[in-house]
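Each chain is listed here by its residues.
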Amino acid sequence: QVQLVESGGGLVQPGGSLRLSCAASGLRFSIYAMGWYRQAPGKQRELVAAITSGGSTNYSDSVKGRFTITRDNAKRTVYLQLNSLKPEDTAVYYCNADYAAIFHYWGQGTQVTVSS
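The following paragraphs examine the structure supplied in this document. Not measured: the values here are computed from a predicted model. (Residues numbered from 1 in each chain as written. Predicted model: local features only at pLDDT ≥ 70, side-chain atom pairs only at ≥ 80, totals over all residues. Heavy atoms only, no water.)

**Notes on the packing of aromatic side chains**
Any two aromatic rings considered together are summarised by their centre-to-centre distance and by the angle between their planes.
Here is step 1 of the chain: In the structure shown here, the tally under the stated rule is 5 aromatic pairs.
Here is step 2 of the chain: Seen in terms of ring centroids, Tyr32 and Tyr99 are 5.8 Å apart; in terms of plane orientation they differ by 45 degrees. Their pairing is tilted. Pair noted here: Tyr32 is in the loop between β3 (18-25) and β4 (33-39) and Tyr99 is in strand β9 (residues 91-99), with a separation of 67 residues, a long-range link.
Here is step 3 of the chain: Exposure remark for Tyr32: the relative accessible area of 7% places this residue in the buried category.
Here is step 4 of the chain: Classification of Tyr99 by relative accessible area gives partly exposed; the value is 34%.
Here is step 5 of the chain: An aromatic cluster is built from Tyr32, Tyr99, Phe103 and Tyr105, whose rings are joined through pairwise contacts.
Here is step 6 of the chain: The ring of Tyr94 carries the charged tip of Arg45 above its face, separated from the ring centre by 3.7 Å.
Here is step 7 of the chain: Positioned above the aromatic ring of Trp106 is the side chain of Arg45, whose terminal nitrogen or guanidinium carbon lies 4.6 Å from the ring centre. (Phe/Tyr/Trp six-rings, centres within 6.5 Å; stacked < 30°, edge-to-face > 60°. Helix = DSSP H or I, 4+ residues; strand = E, 2+ residues; numbered from the N terminus. Buried < 20%, exposed > 50% of the residue type's maximum accessible area, 1.4 Å probe, protein only. Lys NZ or Arg CZ within 6 Å of the ring centre and 35° of its normal.)

**Observations concerning the nonpolar core**
Nonpolar side chains in soluble globular proteins generally cluster together in the buried interior.
Here is step 1 of the chain: Within the largest apolar cluster, 28 residues are counted, with the highest numbers of intra-cluster contacts made by Met34, Trp36, Phe67, Val78, Leu80, Leu82 and Tyr93.
Here is step 2 of the chain: Only β3, β4, β5 (46-51), β7 (67-72), β8 (77-82), β9 and β11 (110-114) provide two or more residues apiece to this core. (Core = buried A, V, L, I, M, F, W, Y, C linked by side-chain atoms within 4.5 Å.)

**Looking at the environment of Gly10**
Here is step 1 of the chain: Within the element layout of this structure, Gly10 appears in strand β2 (residues 10-12).
Here is step 2 of the chain: As for Gly10 and Asn73, which are separated by 63 residues in sequence, their C-alpha atoms are 25 Å apart.
Here is step 3 of the chain: What Gly10 contacts, discounting residues up to four positions off in sequence, is Leu18, Gln111, Val112 and Thr113. (Contact = heavy atoms within 4.5 Å.)

**Concerning the pairing of β11**
For a regular strand, the rule is simple: side chains alternate between the two faces of the sheet.
Here is step 1 of the chain: Burial along β11 is one-sided: the face carrying Thr110, Val112 and Val114 is buried and the face carrying Gln111 and Thr113 is not.
Here is step 2 of the chain: As paired strands, β2 and β11 are joined by 3 bridges and run parallel to one another. Its bridge partner lying in β11, Val12 is registered against Val114.
Here is step 3 of the chain: Taken together, the 3 bridges between β9 and β11 define a ladder with antiparallel strand orientation. The residue bridging Val92 from the neighbouring strand is Gln111, located in β11. (Pairing = 2+ DSSP bridges.)

And the structure:
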């Protein structure tokens, strides 16, 4: 049974930082591309950052230069470092695992709220 468990969300002031973690089990983590998506109230889920099995990364324009995605295959965990947070970053953040668009899994999400 595949599980993706996110953690690290919370309430932070504008300009602050958070680090999200997503621990994976039940899959061969190293061969999966991993991604972080977010969904704000009333909006569609959007890709924030992704990292391939080989370590290549890509980011949405709205977070480029502020967020960093990394992975630790030994720990079967993907991270998202969120810096210089803005109120518009407020959303539920979801972890995603994808293998060749054939196998596709989601975590349950973790809330990030940026507010003073």
